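# Secondary and tertiary structure notes
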Amino acid sequence: MSELRLEELSAATIVAVNNMSLKPGQEQYLAPVSYGIAATVVNPQTSWQRVVLDGDEVVGYVSANFDIETPVEHFQSVLWRINVDADDQGRGVGRFAVAKLLEEARSRGMDHVDVLYEAGEEGPQAFFERVGFTTVGETEYGEVIAEIRL
Ligand SMILES: CC(C)(COP(=O)(O)OP(=O)(O)OC[C@H]1O[C@@H](n2cnc3c(N)ncnc32)[C@H](O)[C@@H]1OP(=O)(O)O)[C@@H](O)C(=O)NCCC(=O)NCCS
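Presented here is an overview of the structure given in this document. (Residues numbered from 1 in each chain as written. Predicted model: local features only at pLDDT ≥ 70, side-chain atom pairs only at ≥ 80, totals over all residues. Heavy atoms only, no water.)

Judged by nonpolar contacts, the single largest core of 27 residues is most densely connected at L79 and F133. Counting residues per element, this core draws most heavily on helix 3 (residues 93-107), at seven residues. With near-sequence residues (within four places) excluded, F133 lies in contact with L79, V98, V113, D114, V115, F128, A146, E147 and I148. Counting seven residues, the second largest nonpolar core, distinct from the first, contains L9, V17, V51 and L53. (Core = buried A, V, L, I, M, F, W, Y, C linked by side-chain atoms within 4.5 Å. Buried < 20%, exposed > 50% of the residue type's maximum accessible area, 1.4 Å probe, protein only. Helix = DSSP H or I, 4+ residues; strand = E, 2+ residues; numbered from the N terminus. Contact = heavy atoms within 4.5 Å.)

Okay, here's the thing in structure tokens:
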């Protein structure tokens, strides 16, 4: 693997992001890319979206929202979506993307990053726990709320 790097989502990479594949059973855990893009259009200051590149190849995507004014704490500094191309899973791309997200959150003065996800087989729970998120609650819809304190 050559060195991973992060880039802003752009016209050049968005098609590749949309074409990234998932492993069987993973689709149900993932929010559409268009949600993140809609968020950026609605509020470009608070929305953050990046692609992970390995050389010239798009191998991952991560999006977040940072808005201390949001009344609900677990939406103030929140990882919205992360996904890694099926062929590139399990070699540190997701961990890299989370590390970069934490860097960004720190640089914006946030003291935590939350994530909401659904528990279940093929789901991302083991990954989120492995990279440092701790369960702190549950939403009214039954999703896990997990957090990293910075
Ligand atoms: C979740 C996801 C982003 C993880 O990305 P990844 O690049 O495969 O993860 P990494 O290789 O960086 O793994 C980081 C750590 O988590 C562990 N991990 C990752 N997936 C795991 C799994 N399914 N079960 C157990 N451990 C897992 C790895 O073993 C690794 O541990 P280590 O660094 O201590 O050795 C990827 O599987 C994915 O795109 N899933 C589908 C989309 C999704 O569910 N997104 C989350 C909701 S938005």
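Moving on from the model shown.
Okay, the sheet that holds strand 3 (residues 57-66) next. Spatially, the seven strands line up as an open sheet ordered 1-2-3-4-5-7-6, and their pairing is mixed. Every interior strand has two partners, whereas the edge strands, strand 1 (4-8) and strand 6 (134-138), have only one. Each adjacent strand pair in this sheet contributes to an overall mean axis angle of 30 degrees, direction not counted. Across two bridges, the pairing between strand 4 (residues 77-84) and strand 5 (residues 112-117) is parallel. Across the sheet, L79 pairs through a bridge with V115, a residue of strand 5. Taken strand by strand, helix 1 (residues 11-18) contacts strand 1, strand 2 (47-54) and strand 3, and its axis lies near 100 degrees from that of strand 3. Each of strand 1, strand 2, strand 3, strand 4, strand 5 and strand 7 (144-149) touches helix 3; the most contacted strand, strand 4, lies at about 155 degrees to it. (Pairing = 2+ DSSP bridges. Axes fitted to C-alpha atoms, helices over the stretch in contact; angles between N-to-C directions.)

Moving on: the site of the ligand. Within the structure, the ligand sits among 19 residues, and I82, V84, G90, R95 and R130 are positioned closest to it. Between the ligand and R91, the relevant distance is 3.1 Å, taken from an oxygen atom to a main-chain nitrogen or oxygen of the residue. R95 places a main-chain nitrogen or oxygen 2.8 Å from an oxygen atom of the ligand. Against a free-state accessible area of 930 Å², the protein chains account for coverage of 74% of the ligand. Secondary-structure elements contributing two or more residues to the shell around the ligand are strand 4, helix 3 and helix 4 (125-130). (Near = heavy atom within 4 Å. Polar contact = N/O pair within 3.5 Å; in protein donor to acceptor, adjacent residues only side chain to side chain. Areas by Shrake-Rupley, 256 points an atom, 1.4 Å probe, with all protein chains shown as cover.)

Structural measurements only, silent on function.
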